[in-house]
Amino acid sequence: YQNAMRYLVTGDQFDAQRAHELGLVQEVVPERQAVEAAAAVCDKIARQAPLAVQALLKQVRAARPEPGLRPWRLLNLMADVVRLMGSKDTKEAVKAMKEKRPPQFQGK
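Since the structure is predicted, the reported quantities are computational estimates derived from the model, not experimental observations.

Asker: In this structure, what is going on with the overall build of the chain? I would like to understand it.
Answerer: Along its length, the chain carries six helices and zero strands. Its helices and strands in sequence order give the chain the pattern α-α-α-α-α-α, from N to C terminus. Residues counted as buried form 13% of the 108 residues belonging to the chain. Nonlocal contacts in the chain, meaning residues at least 24 apart in sequence, comprise 27% of its contacts between residues at least 6 apart.

What follows is the structure in structure tokens.
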């Protein structure tokens, strides 16, 4: 946060390597490989269980630091877990693991 704010308010420029050092980007690749590298990450995400990815993103966004206590966060997390555990995707994941094959998620 502090590093990002410094660069935002000063207007100082930095290269990709410095952005990586600051934790503003996760990976630095040659420019000609940027699209392929991004596509590889997208493909990896797309192979995950869609309901689980959606719930994870929701919980991470809700967990952003802010003043004040938000006791409903735990209730929302528990509701998401209950919903996921009863999903067809969870049953498919367990079945696929037992059968030693890739899961075929449906987002249900």
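Asker: Before we go on, may I ask you to explain helix α4 (residues 50–62) in this structure?
Answerer: For an α-helix, the turn length of 3.6 residues means that residues three or four places apart are oriented alike. End to end, α4 covers 18 Å across 13 residues, agreeing with the expected 18 Å (1.5 Å per residue, within 8%). Taken together, the buried positions of α4 are occupied by Ala 55, Gln 59 and Ala 62. Along the axis of α4, the buried residues cluster in a sector spanning 65°; they form a single face. Along α4, exposed side chains directed more than 90 degrees from the buried face belong to Gln 54, Leu 56, Val 60 and Arg 61.

Asker: Can you walk me through the side chain of Glu 92 in this structure?
Answerer: Structurally, Glu 92 is set in helix α6 (residues 88–98). On the accessibility criterion, Glu 92 (15% relative accessible area) is buried. Within polar-contact distance, the side chain of Glu 92 engages the side chain of Arg 101 at 2.6 Å. In this view, Glu 92 contacts Arg 101, Pro 102, Pro 103 and Gln 104; residues no more than four positions away in its chain are not counted.

Asker: Looking at this structure, how should I read a nonpolar patch on the surface?
Answerer: A surface patch of nonpolar side chains, about 510 Å² in accessible area, is lined by Tyr 1, Met 5, Leu 8 and Val 9. Within the fold, Val 9 resides in helix α1 (residues 2–10).

Asker: Whenever I open this one, the confidence of the model for the chain confuses me. Can you help?
Answerer: Caution is warranted with low-pLDDT regions, since their predicted coordinates should not be read in detail. Per-residue pLDDT for the chain has a mean of 84; in total, 89% of the residues score no lower than 70. At the level of individual helices and strands, the chain shows its lowest average pLDDT in helix α5 (residues 72–85), which scores 74, and its highest in helix α3 (residues 34–46), which scores 92.

Asker: Would you mind showing me how to read the packing of aromatic side chains here?
Answerer: Given two aromatic rings, their pairing is described by the distance between the two centres and the angle made by the two planes. Considering all chains together, one arrives at one aromatic pair under this definition. Centre to centre, the rings of Tyr 7 and Phe 14 are 4.6 Å apart; their planes meet at 65°, and the pair counts as edge-to-face. For Tyr 7, a relative accessible area of 11% corresponds to the buried category. Positioned over the ring face of Tyr 7 is Arg 6, at 4.8 Å from the centre of the ring.

Asker: I would appreciate a short explanation of unusual backbone geometry in the present structure.
Answerer: What is expected of a backbone is that most residues other than glycine have negative phi and most peptide bonds are trans. Its identity is not glycine, yet Lys 100 carries a phi of approximately 55°, on the positive side. Looking at the element boundaries, Lys 100 is found in the segment after α6. When its relative accessible area of 77% is taken as the criterion, Lys 100 is described as exposed.

Rules behind the numbers
- Residues numbered from 1 in each chain as written.
- Predicted model: local features only at pLDDT ≥ 70, side-chain atom pairs only at ≥ 80, totals over all residues.
- Heavy atoms only, no water.
- Helix = DSSP H or I, 4+ residues; strand = E, 2+ residues; numbered from the N terminus.
- Buried < 20%, exposed > 50% of the residue type's maximum accessible area, 1.4 Å probe, protein only.
- Contact = heavy atoms within 4.5 Å.
- Expected span 1.5 Å × (residues − 1).
- Arc of directions from axis to C-beta.
- Polar contact = N/O pair within 3.5 Å; in protein donor to acceptor, adjacent residues only side chain to side chain.
- Patch = residues over 30% accessible without salt bridge, like charges linked within 9 Å, V, L, I, M, F, W, Y side chains within 5 Å.
- Areas by Shrake-Rupley, 256 points an atom, 1.4 Å probe, with all protein chains shown as cover.
- Salt bridge = Lys/Arg side-chain N within 4 Å of Asp/Glu carboxyl O.
- pLDDT = per-residue confidence, 0-100.
- Phe/Tyr/Trp six-rings, centres within 6.5 Å; stacked < 30°, edge-to-face > 60°.
- Lys NZ or Arg CZ within 6 Å of the ring centre and 35° of its normal.

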